[in-house]
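# Examining the three-dimensional arrangement
Letter by letter, the chains look like this.
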Amino acid sequence: MWRGLWSLVARGARGPRSPRSCTRQGSGAPVPGAGATIFALSSGQGRCGIAVIRTSGPASGHALRSLTAPRDLPPARSACLRLLSHPHSREPLDRALVLWFPGPQSFTGEDCAEFHVHGGSAVVSGVLQALGSVPGLRPAEAGEFTRRAFAHGKLSLTEVEGLADLIHAETEAQRRQALRQLDGELGHLCHGWAKTLTKASPLCTHSPLRDPTCHSVCENFLCLSLQSGPLGQAGPGFLNDHTSTSLPTPPSTRLWLMWRPISILVRMTTWRRVSSSEVSPPKGWGHLASWPYEAPTSFPLCFLPSTANSQVRELELALSAHLRDARRGQRLRSGAHIVVTGPPNAGKSSLVNLLSRKPVSIVSPEPGTTRDVLETPVDLAGFPALLSDTAGLREGAGPVEQEGVRRARQRLEQADLILAVLDATDLASLSSRSFLDTVVVPAGAGSPSENSQRLLLVLNKSDLLPRGGPDLSPHLPPHLLLSCLTGEGLEDLLEALRKELAEVCGDPSTGPPLLTRARHQHHLQGCLDALSHYKQTKDLALAAEALRLARGHLARITGGGDTEEILDIIFRDFCVGK
């Protein structure tokens, strides 16, 4: 402890530090092969009309001059038509558009060049080989362009994840969610939460004398002592409210100022009230006897304004709300799990084929045709979903079919949404009644509660019902009529699925940004746990440490702190040219 305090004293003796710039800084994350210039094909593989090849690094300008004629660089961010030639043999390669992006005003923050060439494989291969022959250039690794953008502060980690999700988006809902995250909505939300915690930090809350570069309890004490200027406006408990003066500058005064906050801090951490006599100036420093400081007269946490605790409580509520919805963003990114279930021969496989628009399952009038779980990813009303066709639920079948029934029931427990299918012409049968009593009614079809699974009841084979005949049983739960044979009722089913999936996955167009990855949920839970410790502690130093830990979890979401262990996992999902 004393070694740390002495280092702070020595730092204070060198004078106060200059404030840091508020401009966006780089992440500080190491970049493999930093300093090298990389190149790669950024557009898709295969034959195409135009292919884009890009470079990034200090030798990008040299590479552009080496391949083009004339040799001068084009105007920044302007497309120019140039003849591309091999840098050694001068053999023409293609006539292409080239663009020059000098750093830091580029995607990666480094000097970048782009070659928009014709998309034939021979042209692309020739230009890539020519770039490989330029000294200082090497092929890029997967995601290296984006990793450099992250390292240079062009993208936060949540924005990088949004870019990856946008590249892999297959549905409209995924595209909307990825764009919101790429635009920085989740990052801005986390920065706002972190700012709230910073304002609530002990010993520096609402103090105009606070040095924003000081992050620890000891440093904030030193900041209050070392900074010059009016003192009457300082934080509660430290200064007289009616006094205003300037800090004297003699060396003896500076030593006194460095000693005084340490003395107060030691007494606070040992739960002692500090009186003025306990921190009076040493002998020979009588000119400081009328110094306007007043020692604290209350227990440590009383230094916190009443607004600090209310801000922390509001933040806890916001974090809890996001954690309750954490699975929605993950479902939107990876797909909601929809299980199609029902008695044998109700038309489950026909419904799966109809929704997936392809023959996924074998359809047969023989009961028990589907014996295993068949899964297929589908786009349902713009939402991603994993559709599971399961064996018909019945008793007394053979051992193979019974294993299929066991797996079907296991999938039901894991489902985000259940599509319960019944034969509309066979509702009075024992199997239909048993299915209604054991699956549909417990799930609460049509009126899901917070603790129950969501379920849609579909009555198939509506084309076999007599026209103008008697209505179906009035005791049936809310249901939808459908004919997988004619497609009648499909639009109503898709609209019902859209509404259910919007509840399960969240609406990416409205509301707060969603948590799309498990690590987001992990760090928000860690932040919430730290705030719980903050509320329970009575010690000022422990309270400050709890808030520091909470801020650290929020910083790791956007890429601050120690994130190196997850960078490889995130960037390996990018293509080489991204």
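Looking at an unreviewed UniProt entry, the protein carries the name 5-taurinomethyluridine-[tRNA] synthase subunit GTPB3, mitochondrial, with the source organism given as Nyctereutes procyonoides. Entered under Cofactor (unreviewed entry) in the UniProt record, the comment concerning the protein runs "K(+)".

### A short note on the pairing of strand β11 (residues 417-423)
Across the seven residues that make up β11, a large majority, seven, are buried. Every second residue of β11 is oriented toward a common face, with Leu417, Leu419, Val421 and Asp423 on one face and Ile418, Ala420 and Leu422 on the other, all of them buried. As judged from the four bridges shared by strand β8 (residues 336-341) and β11, these two strands associate in the parallel manner. Looking at the pairing, Ile338 lines up with Leu417 of β11. One ladder, built from seven bridges, connects β11 with strand β12 (residues 454-460); its direction is parallel. Within β12, the position partnered with Leu419 by the bridge is Leu456.

### Some remarks on the packing of helix α5 (residues 157-168) against helix α6 (residues 172-182)
Relative orientation of the contacting elements α5 and α6 amounts to 155°, with a least axis distance of 7 Å. With respect to each other, α5 and α6 are oriented roughly antiparallel. The chirality of how α5 crosses α6 is left-handed. Along its contact with α5, which presents Thr158, Glu159, Glu161, Gly162, Leu163, Asp165 and Leu166, the element α6 presents Arg175, Ala178, Leu179, Gln181 and Leu182. Classifying every residue of the contact of α5 with α6 gives five nonpolar, three polar and four charged.

Calculation criteria
Residues numbered from 1 in each chain as written. Predicted model: local features only at pLDDT ≥ 70, side-chain atom pairs only at ≥ 80, totals over all residues. Heavy atoms only, no water. UniProt positions renumbered as here; feature names shortened; annotations may be inferred. Buried < 20%, exposed > 50% of the residue type's maximum accessible area, 1.4 Å probe, protein only. Helix = DSSP H or I, 4+ residues; strand = E, 2+ residues; numbered from the N terminus. Pairing = 2+ DSSP bridges. Axes fitted to C-alpha atoms, helices over the stretch in contact; angles between N-to-C directions. Parallel < 35°, antiparallel > 145°, perpendicular 65-115°, else oblique. Left-handed = near helix turned anticlockwise from the far one by under 90°. Contact = heavy atoms within 4.5 Å. Nonpolar A, V, L, I, M, F, W, Y, C, P; charged D, E, K, R; others polar.

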